[in-house]
Each structure stands twice: as C-alpha cells, then as structure tokens.
Amino acid sequence: MKRDHSPEPLKARKKDVAPPFHPSNATGSHLTITVDELMNLRLVALGAEPPTLVIRGGLVLCLHTGEILPRDVVIAGRHIAAITPWDHFPIAVDEISARGKYVSPGFIDTHIHVEYTKLIPGELARLSVPRGTTTILADANCIANVFGGRGMDFMGETSTPLRIFRQVSHKIPGNGPNIELGGTSIDTTELCERVSQSNAATLGESNPFSLDLASAQKQAAALHAGKRVTGHTALLENEPLWAYAAGGIGDDHNAHRPEDVIDRLRLGMMLTVMSGSMNSNIASVFNDISSYKEGLNHFSFCADDKLAEDLDSEGHIDHHVREAIRFGLDKMKAYRMATLNAAQYYRIDHLVGSVTPAKFADLLILDNLENARPSIVIVNGKLVARDNEALFTNTDIVPAFTLNSIHIDPHFLSASAFYVKAPPGKASSWIQGMEMYDGYFKRAFHALLNSDSTGSLICDTNRDILKVVVIDRHHTTRNCGIGYVRGFGLQRGAIACTTNCENQNLVVVGTSDEEIASAVNEIVSCGGGFVAVCKGKLLGSVKLDVAGCMSSQPWEIVRDDSIACDNAVRNVLGGKLKSPFMIASFIGLVAVPDLGLTELGLVDCKTQGLMNVVLTEEEAVAREAEIASARPVKICCRCPSHAHDVHRMMDSMTALA
C-alpha cells in the first residue's frame, strides 16, 4: 500500500507558535537576525514600514558583480533592508547624504593579535573603527599565555562598535615543555570546545614544524565545527608545506614572493596579505598581479602585529587598500579583498562583507576609493565615526585579574645573572647567534667573541653583536635563556619588553650585562611594558599594565609614550630598527627559521630542540700566528645555511674576527 508522505495539515498545527531555533555553533550564530527583525526588514523593503535610516544618493560598491551603482541604502535597525534606485523611497526620519561619494562595506582584518597594538579591544575600536575597520578576526594567544581561557574571553568581547570573531589560539603554551614553559596552559579538550563555539571563526595559527597528535585533534575539531584553520607557513616548501596543508590549513599570511603565493593558492589557501609594524608584504605580493589570475578572489588583508602608533599614522585595513591600489591592483578588487573575499572565506558573509539586504549595516562613506579614508562610519545602522573621529567612548572594564602580572626573581636584578663564560683558559670563543631580518625572521650565524678579565664573553657593538636574554616573568623562577643577536644597532644601553612571542616572558637586548640588569630593574619598577635605559638612567618607557602586554590608558597616551620611547632608542642608544621593541618581542618565536630564544634556551626551529650558545671547537683555538696566517678555526656550527651576507663577516671559513 502506498503511504501518504504529505505534510501535516495546517489546521492540525498550533497557531501563532514560532518554531524553535535549533542550537547552532555556526560562526556568528549568536549575532544572526531574529524573527522579528526579519519580519520588519521585509516590510521596510516593501515600503510598508518606515526605515530607521536612509543613505541617499551614494555610489554603492556592488562587489558581487564588480559594479558601482547609483543607489540609496535603506536601513532598518541593525540591518540593511534594501538597496534602491536614488530617491525611490520617500523622505525618512533620519537620512545621511552620500551625494558624490562611495558606499562600501566595513573593512575586515582577517588576522590580528590585538595585544601587539598595546591596546585593549575598546581602545583599538576607538582607533581603528573611524579608519574603516569594523570587523576583526583576532588570535589572543598573547594574553592566553599569561591568563589562559579567561584572558581569551576578555580579549574576545567589547561593548564598542568593533566586531570581534575569535581565532582560538592553537596551543598554550605555544611549544612543548622541552623548549618552552610559558605562563599557563590550556588543554586540548578546552581548545577544541572553544573552536566549536559560535564566536570562533578559526583555529589560530600553529607552529608549522610541529605535527603532533594534539595539533591534529584541534585541527580536526575545527573542521568538524565548520571553522577554518589559520596557517603560518613560514618559509616551508615541498613536503613540509604539503604536510602542513594536509592538516586542513586554510590560509597563510607569511608568503610574499609571487611564486610562494601561487604555491599556497594552488593548495586552496586564502592569502591574507600581511602589513604590520615589522614588515609589509604588500609591495612584494602585488609585484606580479597578473600571475595570480583568478587567485585574486582568494586574497584578503591582515595586520597581524601592528602597533598603536602605526595604526594611527598609517591606518589599519584602509592602509592595505590604499597601498594595493598604489601598486596597481584594480580598485574594486582591493575593496573586495578588504570585505567580501574575507567574509565569504571565513563564513561570515551572511553577516558582513557586502552592501546587500539582511547584512549588518556596517558601512563606510568615502570621498574617493583611492584614498580609502571614510568620512562617515556606520555600524549596526548607527553613526559611530565622522572624519576620523570616534563618536563613541570606550567603557570596557579592565578585569582586576589582568593586572600585576610581572613576577621576576631578584636574581635577575644583578649583572652576574647574565654572564656567559668562555671555555676555561680561553680568551675568546665562538658563539651561535641570530640576525633579525624582515621582521621576525632570524638568520643563524656564528662569531668569535672576546672575553673580559672575569672570563665572560662581551658584546661587540662594532659588529652589532649584542646579548639577548629571555627571563621567566610568570613564576619567579630562575629560568633564563641567553643568546646573541644582530640587527638592532645599539651602541650603548639596553631595551626590554614583556611582550615576548609567544610566551610573553621578559626579553632584554643590551650592550652589556650591566645595562641588561638595569633594564630588568626598570621593568620591575613599571610593572611591565617597554623600557630603554643607558648608564643606569631610564630614557623612555611604555607602561603595559594589562597582562604585561597592553595598556589600560587611552590609545593617544600609548601612542605618545611609544613614539618618545622609540626616539630615545634611535637618538640616544643608536638603534636602527623602525620597531625595535616589537622585533625584540619576536626573538622568542620558534615557529619561523632559523633560531629562537625562550626562557629555557636557544632553540633550533627546524628540529625544535635546544642547542648550545657557546660552540665547541673541533680543534684547539689557533695561536695568534696561525690566525695571522688565516688558518680557519673549525667549529661545530649549527647554521642551516651559509649563503647569507652575515656569514661573509662572521663565518670562520671566510672571516677571522
């Protein structure tokens, strides 16, 4: 007998009872439109109900088709109700004129560590929203390494008009206990739960040299929940890159050479073009635009690590748009990268990313597309910024638990804590060091350093070889990694910061052990942040009282203090880096080649193991006569390559110190 599969008669159903929403952890489900909002939105689009706001006479970017259309934008509450021909609807109660101007969706930053701005989320909103960035995908791995999950929760919310979608930090601490301890830990189960929540857009970036079981469990959990997996491919190629991609890695912000970009696009990755305070990939990426072909639809923009003062002087995602256009990218493609591409790939295009019905009314009104500087910013259908000034205040409360997080053993207040001794009876010794270049990348080198009367190896400012230390600032232990670094150019003094990537320990770069100890003392006095010292005097400081990596002060104060501190480093200490404190912060990053330094010691990034700073010799140190005759001293070098310029100056085979 044929069964009747027809639906239940309408009369048998209960009337006026709304069907329940099934629980959902889809990205942004906690923000989605309600039934009442949707009903009203349709009536407004029909002309049966009045809108709350109409943007009149604008040139609307239709990013789905690549057109610029003369349209009004009709808004009801939080959402766009309709995009109509000019003056199609009668005069509304509230209107904004956009005559002769362009209307764009709000910009989206697809990968940022808010902590490196030195601002709490509400202050970042005051700075970035007026410049057009209304949505960010943020990985709070800095504060997570200090306070765990409660720190991540603090960074994932703000009462200001800045939308934050979480990139759930991949591993806390970032590496295994054999090379790093960090401030706290979050187990795999909790991270899997967090990435499955609706406020999460992705699993955060991971160490590409670590392919362990825990990383697989978290990546599988993210993919199961319908989330993306954020990538950090460093300089990988061939098998290591393929293995990393096989873990479901969905994007990359490291690739900048066109050939590397194409490799990642062919693997299905979204290229998140990075431009931060340490370096910018924009010029390199857009050096050969035609080679990407349809791959341009898989580009978006991110700041990654950008300081407050640079956000103020350069801009946020508006900077990416301007620069991409300047380097020859089609204007509409640049705006699509900043909005729709990002929203579609990260599965939030039902909420943001286009000027279309039922999306949030997060809109920019711009005088021209090339400058990408909005004169008006609207979020949730409300005017929130005009002419680069926020029309809202930051009322976010800084939790008490985020304060007073600097705990340093008094042992490190003395210079003797940082001595590195030459082998007994030796007046000099070869050391393994790292040269900073292109932001957080580090080239390994080795060099011969002399010792003082106590047998301690001393820095060589003539060759820009300085000492660097990473000190545990979480548990008051005596854990301290000591190494040597080039690239900072300091001729005197020391700099220190408590924002060391990833575990947020104290990092100090100095010209002597005494200067390093002086910097540690100043960090203890200020309770965390940035300091520059010379001959026992404090030259400049930026107080970062929130978790040791952010300030509770308004962004304007943070900017001014930061500029003054950088000027002291440059003008008094002789520093030559644009962002010395941020680059110092990334000495500890062991997820990019060649070396890194943690509180446990010097790390070989490829093997993810510790190594000696003072190198052992395979034969006795040559006598002065042998040195004069250019006989090379053979040492147990750990440099992966000798092709860099630094080796022509440092390598025992090519240059005797």
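Refer to the structure above for everything that follows.
Residues numbered from 1 in each chain as written. Predicted model: local features only at pLDDT ≥ 70, side-chain atom pairs only at ≥ 80, totals over all residues. Heavy atoms only, no water.

## A few points about the sheet that holds strand β20 (residues 466–471)
Part 1 of the argument: Taking strand neighbours across the sheet as the criterion, the 8 strands line up as β19-β18-β21-β20-β23-β22-β24-β25 in an open arrangement whose pairing is mixed. With partners counted over all chains shown, the strands left at the sheet margins are β19 (441–450) and β25 (537–543), one partner each. Between one strand and the next, the sheet's axes are offset by a mean angle of 25°, whatever the strand orientation.
Part 2 of the argument: In terms of strand pairing, strand β24 (residues 529–534) meets β25 through 6 bridges, oriented antiparallel. Looking at β25, one finds that Phe530 is bridged to Val542.
Part 3 of the argument: Docked against the sheet, helix α14 (residues 513–526) engages β20, β22 (494–497), β23 (506–510), β24 and β25, running at close to 140° with respect to β24. (Pairing = 2+ DSSP bridges. Helix = DSSP H or I, 4+ residues; strand = E, 2+ residues; numbered from the N terminus. Axes fitted to C-alpha atoms, helices over the stretch in contact; angles between N-to-C directions. Contact = heavy atoms within 4.5 Å.)

## Some words on the nonpolar core
Part 1 of the argument: Of all hydrophobic cores here, the largest spans 140 residues; its most connected members are Phe286, Phe299, Tyr335, Phe418, Phe488, Ile495 and Val509.
Part 2 of the argument: Of the residues forming this core, the biggest block, 6 residues, is contributed by α14.
Part 3 of the argument: Core analysis: the next-biggest nonpolar cluster, separate from the first, contains 19 residues, Val168, Ile172, Ala200 and Tyr244 among them. (Core = buried A, V, L, I, M, F, W, Y, C linked by side-chain atoms within 4.5 Å. Buried < 20%, exposed > 50% of the residue type's maximum accessible area, 1.4 Å probe, protein only.)

## Topic: the packing of helix α5 (residues 188–195) against helix α6 (residues 213–224)
Part 1 of the argument: The geometry of α5 relative to α6 is characterised by a closest axis approach of 9 Å and an angle of 20° between their N-to-C directions. The angle between α5 and α6 places the two elements in the roughly parallel class. Of the two possible hands of crossing, α5 and α6 adopt the one that is right-handed. Contacts between α5 and α6 involve Thr188, Leu191, Cys192 and Val195 from the first element and Ala214, Gln217, Lys218, Ala221 and Ala222 from the second.
Part 2 of the argument: For the contact of α5 with α6, the per-class residue count stands at 6 nonpolar, 2 polar and 1 charged. (Parallel < 35°, antiparallel > 145°, perpendicular 65-115°, else oblique. Left-handed = near helix turned anticlockwise from the far one by under 90°. Nonpolar A, V, L, I, M, F, W, Y, C, P; charged D, E, K, R; others polar.)

## Notes on helix α8 (residues 258–266)
Part 1 of the argument: Those residues of α8 that fall on the buried side of the exposure criterion are Pro258, Asp260, Val261, Ile262, Arg264 and Leu265.
Part 2 of the argument: At its buried positions, α8 is contacted by α7 (238–245), β11 (251–252), β12 (270–274), α9 (282–285) and β13 (299–302).
Part 3 of the argument: A positive backbone phi angle near 85° is found at Gly268, which sits one or two residues after α8.

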